[in-house]
Amino acid sequence: MSVRADFHVHTAFCDGAATPREMAEAARTAGLTALGFSGHSFVEFDPASGMNAETAVRYQAEVRALRKEYAETLPIFLGIEKDVYGEADTALYDYVIGSGHYVPLPGGGFSPVDVSPETAVSAIREHFSGNAFRYAAAYYEGLAARLLAEPRVDIVGHFDLVAKFNEGGRLFDERDPRYQSAALDALEAVAKVHPRFEINTGAISRGWRSAPYPAPFLLKRLKELSGRIVLSSDSHSAFTLLHGFRVAAELAKASGFAEADIFSEHGFCAAKL
C-alpha cells in the first residue's frame, strides 16, 4: 500500500483558499485513499491565527457532513492543527497536529516565524541582537517546552518551521553546531513523548523551500529514536494535495524509514513508502 493520503489540509475556515467541499472533491478526483482536514486553532495574541470557538463549531459540522456524504468513495477525517501557544479543546477531533508558529521573545511576547523573511530578519535584529542562532534556539526551546506540556499530540507538525525562509542559508547556517545542537536537543526531548513527526512539503508548494521539513539530520535522529513519520502537504489549496510526496518519500527512505503512518477508522497504521 503506497501513501496517497493527506492529513495536513487547510480550508477557508482558517487560512486556506478552498472550502472543505472543494478540497474533498479535489481529493476524490486525484484518487486519494483518505483525506484529513486540520484547521488552525486560535492563538489569543494573534487574532488572524486560526479558528475561534464559533468558527470551529461550523468547521466541525461541515467536515462531519462531508464524511457522511463521501463515505462510499473517500474516507474523511476531522483533525486540528493545535498551536502550542494557544488553547483549544481537542477532544472532538480524530487526530491532533501539534505545532508552533512563533518564537518567544526575550523581553516577552512572540514573533511569528512563518509570515515572511522580513519579519524573521526584523525579529533577529531587534530582539536577538542580530544573532540568528539565538533566535533559532529560542524557537526550539519554546517549542519543545510547549509540546511536552500538551496532553495530546498525535503528529508533531513542521518541526523546523524556523527554517522556512532559510533556503540557501539566508538566515543561518543549518550545518552549524549551534543550530543543530538546539534542534536535536528539542527533537530528542519531544520524540520521547510524542514520537510521530510529519514530513511536511508545504513550503515547497509555496515556493520557499526546495526540500521538506524536517531536515535530514533531524529525520535520521528521529529514526534512531524509533520515531514514526507521516507525509503531509500542509495544503492550503485544492491544487496542492499530495504535493511533493515523491520527494518526501525519497527523503524518508534516505533517512532510514521504510514506512509512513496513515490515519484510518482504526487509528494510525503503517503504509510502505
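No experiment lies behind these values; they were computed from the predicted model shown.

Glancing now at the packing of helix α4 (residues 132–149) against helix α5 (residues 177–191). Where α4 contacts α5, the two axes come as close as 9 Å, and the packing angle between them is 0°. Overall, the two elements α4 and α5 adopt an arrangement that is roughly parallel. Here Phe133, Ala136, Ala137, Tyr140, Ala144, Leu147 and Leu148 of α4 come into contact with α5, specifically with Arg178, Tyr179, Ala182, Ala183, Ala186, Ala189 and Val190. Looking at side-chain class alone, the contact of α4 with α5 contains 13 nonpolar, no polar and one charged residues.

Let us look at the pairing of strand β4 (residues 95–99). Residues in a regular strand point their side chains to alternate faces of the sheet. The buried fraction of β4 amounts to five of the five residues, a majority that puts the element mostly inside the structure. Going residue by residue along β4, you find Tyr95, Ile97 and Ser99 tucked away on one face and Val96 and Gly98 tucked away on the opposite face as well. Across two bridges, β4 lies against strand β7 (residues 155–156) in parallel orientation. Its bridge partner lying in β7, Ile97 is registered against Ile155.

Before going further, it helps to examine the pattern of salt bridges. Counted according to the given criterion, the structure contains 14 salt bridges. The closest approach of N and O atoms between Arg21 and Glu69, which form a salt bridge, is 2.8 Å. Here Arg21, found in helix α1 (residues 20–29), pairs with Glu69, found in helix α2 (residues 53–69); they are 48 residues apart in sequence, far enough to count as distant. We classify Arg21 as partly exposed; its relative accessible area is 41%. Counted as one network, the salt bridges with shared partners bring together Arg196, Arg228, Glu259 and Asp261.

Looking along the chain, the bond that leaves Tyr213 and enters Pro214 is cis, with omega of -10°. Following the sequence through the fold, Pro214 ends up in the loop between α6 (202–205) and α7 (216–224). The residue Ser129 is not glycine, and still its phi comes out positive at about 55°. With respect to the element layout, Ser129 can be found in the loop between α3 (117–127) and α4. Under the relative-accessibility criterion, Ser129 is labelled exposed at 65%. Of note in this structure, Leu242 is not a glycine but carries a positive phi near 65°. Tracing the backbone shows Leu242 in the loop between β9 (228–232) and α8 (245–254).

Parameters at a glance
Residues numbered from 1 in each chain as written. Predicted model: local features only at pLDDT ≥ 70, side-chain atom pairs only at ≥ 80, totals over all residues. Heavy atoms only, no water. Axes fitted to C-alpha atoms, helices over the stretch in contact; angles between N-to-C directions. Helix = DSSP H or I, 4+ residues; strand = E, 2+ residues; numbered from the N terminus. Parallel < 35°, antiparallel > 145°, perpendicular 65-115°, else oblique. Contact = heavy atoms within 4.5 Å. Nonpolar A, V, L, I, M, F, W, Y, C, P; charged D, E, K, R; others polar. Buried < 20%, exposed > 50% of the residue type's maximum accessible area, 1.4 Å probe, protein only. Pairing = 2+ DSSP bridges. Salt bridge = Lys/Arg side-chain N within 4 Å of Asp/Glu carboxyl O.

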